[in-house]
Amino acid sequence: MSKKNVKIILLALILFVIVAPKTQADEIKIDSYQPRYIVDMPSAGTLDNLQYSVDALLVGNGGFLVDVTVGIFKIVNVSMSYGGTGVIGNSTMNLQKYPGFHLKTKLLQEKETVPAIAIGFNSQGKGIYYKRNDDMSDDRHEQLAPDFYLAASKSFKWPVGSLALSAGVNYSLLVPDDKGINVYAGIEQSILNVCAIALEINPNLNDKNKMIWKDGKTLMLNGALKFTPLEDMIIEVQIKDIFRNAHHSTEIGRYFGVTFISNLF
């Protein structure tokens, strides 16, 4: 798939989210909170006022990522995160040099005729963490952090459950060699109040690192299966880099995460 075709698909999805017809936001169990990410990339969802979440994700190469998010005034979320690779097993331990920081503000709540829109800054990358060496000019994650972004999300109800579309544009600048604008989009379908399936397309238009990507192929297709076995708990199985365009992806990545959501008071 050429970059031109990818851009056309993403722009079509963005327009579809913005001009979507009248719908009602979903209220079923899997969406008792608004998903804040499609898979890796942020959606327009936020936690409610004084609600908090703890997200723990096991990643490749014996790694982990932990994120703590708090909702403030119903339209602002603040997060801190930290992780690394090589923590489990006998390989070299590579921990993030700095914690990740995420600030998201919802500009517009979802209504019948308009999507939810949010802006934010997120310095947390995803996937395997690489330390600076002779081949890597900077410390970085396999998946660049979004940094500054604008995201839109819209929900639709139908007999199977809820269909949510999200799209966004981001500008990464924290890794000097890979600065620039990127666009992304995704879809999430909830099924019978029990689980949800998400799919995300991210062309990484701003990432040209040949040590990360094979032959300049930077397109990432990611998926996730989410379960709610208990109230305020979500178990997530992520399928990463389905096209296997990253150098380390000899097989499709398989990540496992757990999210707990509750109220501060």
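Here, every reference points to the structure presented above.
In short, a report on the structure.

Procedures and definitions
- Residues numbered from 1 in each chain as written.
- Predicted model: local features only at pLDDT ≥ 70, side-chain atom pairs only at ≥ 80, totals over all residues.
- Heavy atoms only, no water.
- 1 Å grid on protein atoms, 1.4 Å probe; cavity = no way out; pocket = protein on both sides within 12 Å on 5 of 7 lines; lining within 4 Å.
- Points joined across faces, edges and corners; volume = space filled by probe spheres on them.
- Helix = DSSP H or I, 4+ residues; strand = E, 2+ residues; numbered from the N terminus.
- Nonpolar A, V, L, I, M, F, W, Y, C, P; charged D, E, K, R; others polar.
- Buried < 20%, exposed > 50% of the residue type's maximum accessible area, 1.4 Å probe, protein only.
- Contact = heavy atoms within 4.5 Å.
- Polar contact = N/O pair within 3.5 Å; in protein donor to acceptor, adjacent residues only side chain to side chain.
- Pairing = 2+ DSSP bridges.

Examining empty space enclosed by the protein
Then, number 1: By the definition in use, this model includes three cavities of 30 Å³ or more.
Then, number 2: In this structure, the largest cavity encloses a volume near 390 Å³.
Then, number 3: In this structure, the largest cavity is lined by 23 residues; those nearest its centre are Tyr37, Asp55, Lys126, Glu236 and Thr259.
Then, number 4: Of all the secondary-structure elements, those providing two or more residues to the lining of the largest cavity are strand E1 (51-59), strand E2 (63-72), strand E14 (233-240) and strand E15 (253-263).
Then, number 5: By residue class, the composition of the lining of the largest cavity is 10 nonpolar, seven polar and six charged.

A closer look at the environment of Ser43
Then, number 1: Structurally, Ser43 can be placed in the loop between helix H1 (3-18) and E1.
Then, number 2: With relative accessibility at 4%, the residue Ser43 sits in the buried group.
Then, number 3: Setting aside residues up to four positions removed in sequence, Ser43 forms contacts with Pro35, Arg36, Tyr37, Ile38, Lys104, Ala151, Ser153 and Ser166.
Then, number 4: Polar side-chain contacts of Ser43 include one of 2.5 Å to the backbone oxygen of Pro35.

Section: the environment of Asn204
Then, number 1: Considering the arrangement of structural elements, one finds Asn204 in the loop between strand E12 (195-202) and strand E13 (220-230).
Then, number 2: Separated by 26 residues in the primary sequence, Asn204 and Asp178 place their C-alpha atoms 9.7 Å from one another.
Then, number 3: Not counting the four nearest positions on each side in its chain, Asn204 is found in contact with Gln143, Asn182, Trp213, Thr218 and Met220.
Then, number 4: Reaching out from Asn204, the side chain makes a polar contact with the side chain of Gln143 at a distance of 2.7 Å.

Concerning the pairing of E15
Then, number 1: Direction of pairing for E1 relative to E15: antiparallel, over a ladder of eight bridges. Its bridge partner being in E15, Ala56 is matched across the sheet by Val258.
Then, number 2: Across eight bridges, the pairing between E14 and E15 is antiparallel. Bridging from a neighbouring strand, Glu236 pairs with Gly257 of E15.

Quick notes on unusual backbone geometry
For residues other than glycine, phi is negative in most cases, and the peptide bonds are mostly trans.
Then, number 1: At Lys74, a position not held by glycine, the phi torsion is positive, near 70°.
Then, number 2: One non-glycine residue with positive phi stands out, namely Arg244, at about 55°.
Then, number 3: Relative to the helices and strands, Arg244 is located in the loop between E14 and E15.

Examining the layout of surface pockets
Then, number 1: Considering only enclosed or pocket space, the second largest pocket measures out at about 440 Å³ in volume.
Then, number 2: Lining the second largest pocket are 23 residues, with Ser123, Asp139, Arg140, Leu174 and Val175 positioned closest to its centre.
Then, number 3: A breakdown of the residues in the lining of the second largest pocket according to their chemical character gives nine nonpolar, eight polar and six charged.

Points about the side chain of Lys226
Then, number 1: With respect to the secondary-structure elements, Lys226 resides in strand E13.
Then, number 2: For Lys226, the side chain forms a polar contact with the side chain of Glu188, separated by 2.8 Å.

Some points on the side chain of Gln96
Then, number 1: Within the element layout of this structure, Gln96 appears in the loop between strand E4 (94-95) and strand E5 (100-108).
Then, number 2: Among the polar contacts made by the side chain of Gln96, one reaches the main-chain carbonyl oxygen of Tyr98 at a distance of 2.9 Å.
Then, number 3: Here the side chain of Gln96 touches Gln124 through a polar contact of 2.8 Å, side chain to side chain.
Then, number 4: Contacts of Gln96, omitting those with residues within four sequence positions, involve Leu65, Ser81, Tyr82, Gly83, Gly84, Gln124, Tyr129 and His141.

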